[in-house]
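Descriptive analysis of the structure
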Amino acid sequence: MADEVILLDAHYSMFGMRVRLALAEKGIEYEYREENLANKSPLLLEMNPVHKKIPVLIHNKKPICESLIIVQYIDEVWKDKSPLLPSDPYQRAQARFWADFIDKKMYESGGKIWKTKGEEKEAGKKEFIENIKLLEGVLGEKPYFGGEEFGYLDVALITFYSWFYAYETVGEFSIEQHCPKLIEWGKRCMERESVSKSLADPHKVYDFVLMLRKKYGVE
Amino acid sequence: MATRDVKLLGTWSCPYVNRVQLALKLKSIEYKFIEDNPYNRSDILVKNNPVLKKIPVLIHGNKSVCESLVIVQYIDDAWPIGPSLLPSDAYDRALARFWATYTDDNWYPLIKMLRQAEGKEEKEAIIAKLTQGLIVLEDAFVICGKGKDYFGGENIGYIDIVLGSSLAWLRVTEIVVGVQLLDHTRTPGLAKWAERVISNDVFKDVLPETKKLLELHEKIQAFIKSST
């Protein structure tokens, strides 16, 4: 019986991009459905009644929610190709710790850069730079966070890379100036077909952010 | 097979630490507990968790693992012999992870917020969120437990550990605020589950006693008052 895989998503979401990327890495065929977040579909509300958020993966009619949980699920179910999580328990714990760090700290500090102004924006910028410096330290001299191979933590962070241009332009700073190795890593990842086809265009992300800033009266 | 030396940095009253203790106990892993006062962080804590500087930290040999949910999953991965803490089915595992994250991000923080809330309106708003959350968790129990005693089915599992570790402070909060949050009418399945959990030997050994936690709560309140 063929698998039925549906992804409820929104084009500019760095969380949705992670799922697209994991599916692409594994070569899984799926139906993509773009959600209008201002007018959520009955299917989304039914499949994620607790949070009502995207992404939601629907595999043979069963929903899985939360991007990092979905990526781990994909890795475990389609385990014969392109393993994402490390096999070593300690490496796996490290990957989970840093992916969680990205979700809790980077998303918030990045958000402050484009959602706020004045002192709060500057504080967000400072935190964001601290966060990415830490992550650059974790990368070290390795080609990927997963080591020699592209892995879970690369998936977790690379989708934020599509938002870097927006953060830099709105925040008026250069990420490359602070973390050149991280930008090198980003460019290396973008050479992978799965990554380049799953990430939104950074310039379009920037336009999207400008539209939101106007909408929320941030300017 | 010799177990490499295992240490846990934490404090007896912290539910995030209790989770790790529960996981270690369920796997019959011997470890050394190093009490670390969260109000006066030690050098060993900062050295082993330089990023977040928080307890719990599991030190296994020369490796440190931080963040309670990461640690519990690490324990399950690193000691595959013994009962599995996470379900064996991938979909059930995804559900377990979802509800653990829900408990930590959406539900448990409300308990401390309730204890610290001032004013009737603020308290009532938080109580409404907490009780709604419990109704959501009741549904989760029905789906994950599949009619058995625990979220993990017949045996204690990941969600039982994560949610179960919150029961001690939940009870103290009910007493301090004078409200019953977990009750048999609104959430019968969950209320019965909670009774089962707190009378379970492993949980009894690890979870702090209500009386001791109440004393600690009073001490903390007095400290806060004296420093304002």
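Please read all numbers here as calculations on a predicted model, not as lab measurements. (Residues numbered from 1 in each chain as written. Chains lettered and ligands numbered in written order. Predicted model: local features only at pLDDT ≥ 70, side-chain atom pairs only at ≥ 80, totals over all residues. Heavy atoms only, no water.)

Before going further, it helps to examine the UniProt feature "domain: GST C-terminal" (unreviewed entry) in chain A. Within the UniProt annotation, "domain: GST C-terminal" (unreviewed entry) is assigned to residues 88-208 of chain A. Along residues 88-208 of chain A one finds 80% helix and 0% strand; the C-alpha atoms at either end are 40 Å apart. (UniProt positions renumbered as here; feature names shortened; annotations may be inferred. Helix = DSSP H or I, 4+ residues; strand = E, 2+ residues; numbered from the N terminus.)

Let us now look at the domain arrangement of chain A. Residue and element names in this part refer to chain A. For chain A, the assigned domains read domain 1 (5-77) and domain 2 (89-215). Between the C-alpha centres of domain 1 and domain 2 there is a distance of 21 Å. Tallying the contact residues gives 13 residues for domain 1 and 26 residues for domain 2. Summed over both sides, the interface of domain 1 with domain 2 buries roughly 1800 Å², with 68% coming from carbon and sulfur. At the junction of domain 1 with domain 2, the criterion picks out two salt bridges. In this structure, Asp 103 and Arg 18 form a salt bridge, with 2.9 Å as the shortest nitrogen-oxygen distance. There are nine residue pairs in polar contact (both at pLDDT 80 or more) connecting domain 1 and domain 2. (Domains from an automatic or database assignment. Contact = heavy atoms within 4.5 Å. Buried area = accessible area lost by both parts, 1.4 Å probe. Salt bridge = Lys/Arg side-chain N within 4 Å of Asp/Glu carboxyl O. Polar contact = N/O pair within 3.5 Å; in protein donor to acceptor, adjacent residues only side chain to side chain.)

Residue and element names in this part refer to chain B. Between helix 5 (residues 109-116) and helix 8 (residues 167-177), whose axes approach to 10 Å, the crossing angle comes to 25 degrees. Of the possible angle classes, the one that applies to helix 5 and helix 8 is roughly parallel. With respect to the hand of their crossing, helix 5 and helix 8 are arranged in left-handed fashion. Contact residues: helix 5 offers Ile 111, Leu 114 and Arg 115, while helix 8 offers Trp 169, Leu 170, Thr 173 and Val 177. A breakdown of the residues in the contact of helix 5 with helix 8 according to their chemical character gives five nonpolar, one polar and one charged. (Axes fitted to C-alpha atoms, helices over the stretch in contact; angles between N-to-C directions. Parallel < 35°, antiparallel > 145°, perpendicular 65-115°, else oblique. Left-handed = near helix turned anticlockwise from the far one by under 90°. Nonpolar A, V, L, I, M, F, W, Y, C, P; charged D, E, K, R; others polar.)

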